[in-house]
Amino acid sequence: MADLSNEELRAIELIAQLSALSPEGDPTSVRLTARLGDGRLIGEALLSAKAVEALTDSTISLNAYQEDMEGGFLAEPLPPVAADDVDELVADLQNMLNGGQA
């Protein structure tokens, strides 16, 4: 397997976390697709209406919090993903893309 960049690993983790917001069996309300800056597809997250509402509310809160912070809390780059976590992140994404069936 090719080495993944920190950006690729972060995008995989983001999609995995977004996918985990919707309980299995809930109807899909929104489908989010993640691509890297160069256009390469990372994956997609299928979100229920409740997950979309919660994610939107959380994002509004996060944006408001950042506006209150001097320089914003996202001013510093995220630390690299540990090499030991790469295989687990990739396995989680593959499992997610296979509908939770290993």
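Residues numbered from 1 in each chain as written. Predicted model: local features only at pLDDT ≥ 70, side-chain atom pairs only at ≥ 80, totals over all residues. Heavy atoms only, no water.

(A) Region of interest: the confidence of the model for the protein. Scored by pLDDT, the protein has a mean of 82; 79% of the residues are at 70 or more. When mean pLDDT is taken per element in the protein, strand β1 (residues 30-35) scores highest with 94 and helix α3 (residues 86-97) scores lowest with 73. (pLDDT = per-residue confidence, 0-100. Helix = DSSP H or I, 4+ residues; strand = E, 2+ residues; numbered from the N terminus.)

(B) Region of interest: a negative patch on the surface. A surface patch of like charges, here negative, comprises Asp84, Asp85, Asp87, Glu88 and Asp92. Turning to its location among the elements, Asp85 is positioned in the loop between α2 (49-68) and α3. (Patch = residues over 30% accessible without salt bridge, like charges linked within 9 Å, V, L, I, M, F, W, Y side chains within 5 Å. Areas by Shrake-Rupley, 256 points an atom, 1.4 Å probe, with all protein chains shown as cover. Salt bridge = Lys/Arg side-chain N within 4 Å of Asp/Glu carboxyl O. Lys, Arg positive; Asp, Glu negative; His and termini not counted. Charge placed at Lys NZ, Arg CZ, Asp CG, Glu CD.)

(C) Examining the side chain of Ser22 more closely. When you line up the elements, Ser22 lands in the loop between α1 (6-19) and β1. Among the polar contacts made by the side chain of Ser22, one reaches the main-chain carbonyl oxygen of Leu46 at a distance of 3.5 Å. Dropping the residues within four chain positions of it, Ser22 is found in contact with Leu46, Leu47, Ser48 and Ala51. (Polar contact = N/O pair within 3.5 Å; in protein donor to acceptor, adjacent residues only side chain to side chain. Contact = heavy atoms within 4.5 Å.)

(D) Geometry of the pattern of salt bridges. As enumerated under the stated definition, the model contains 3 salt bridges in all. Taking the shortest distance from any N to any O, the salt bridge between Glu8 and Arg40 comes out at 2.7 Å. Taken as a pair, Glu8 in helix α1 and Arg40 in the loop between β1 and β2 (41-47) lie far apart in primary sequence, 32 residues in all. With a closest N to O distance of 2.8 Å, Arg31 and Glu44 form a salt bridge. One end of the pair, Arg31, is in strand β1; the other, Glu44, is in strand β2, with 13 residues separating them in the sequence. For Arg31, a relative accessible area of 54% puts it in the exposed group. (Buried < 20%, exposed > 50% of the residue type's maximum accessible area, 1.4 Å probe, protein only.)

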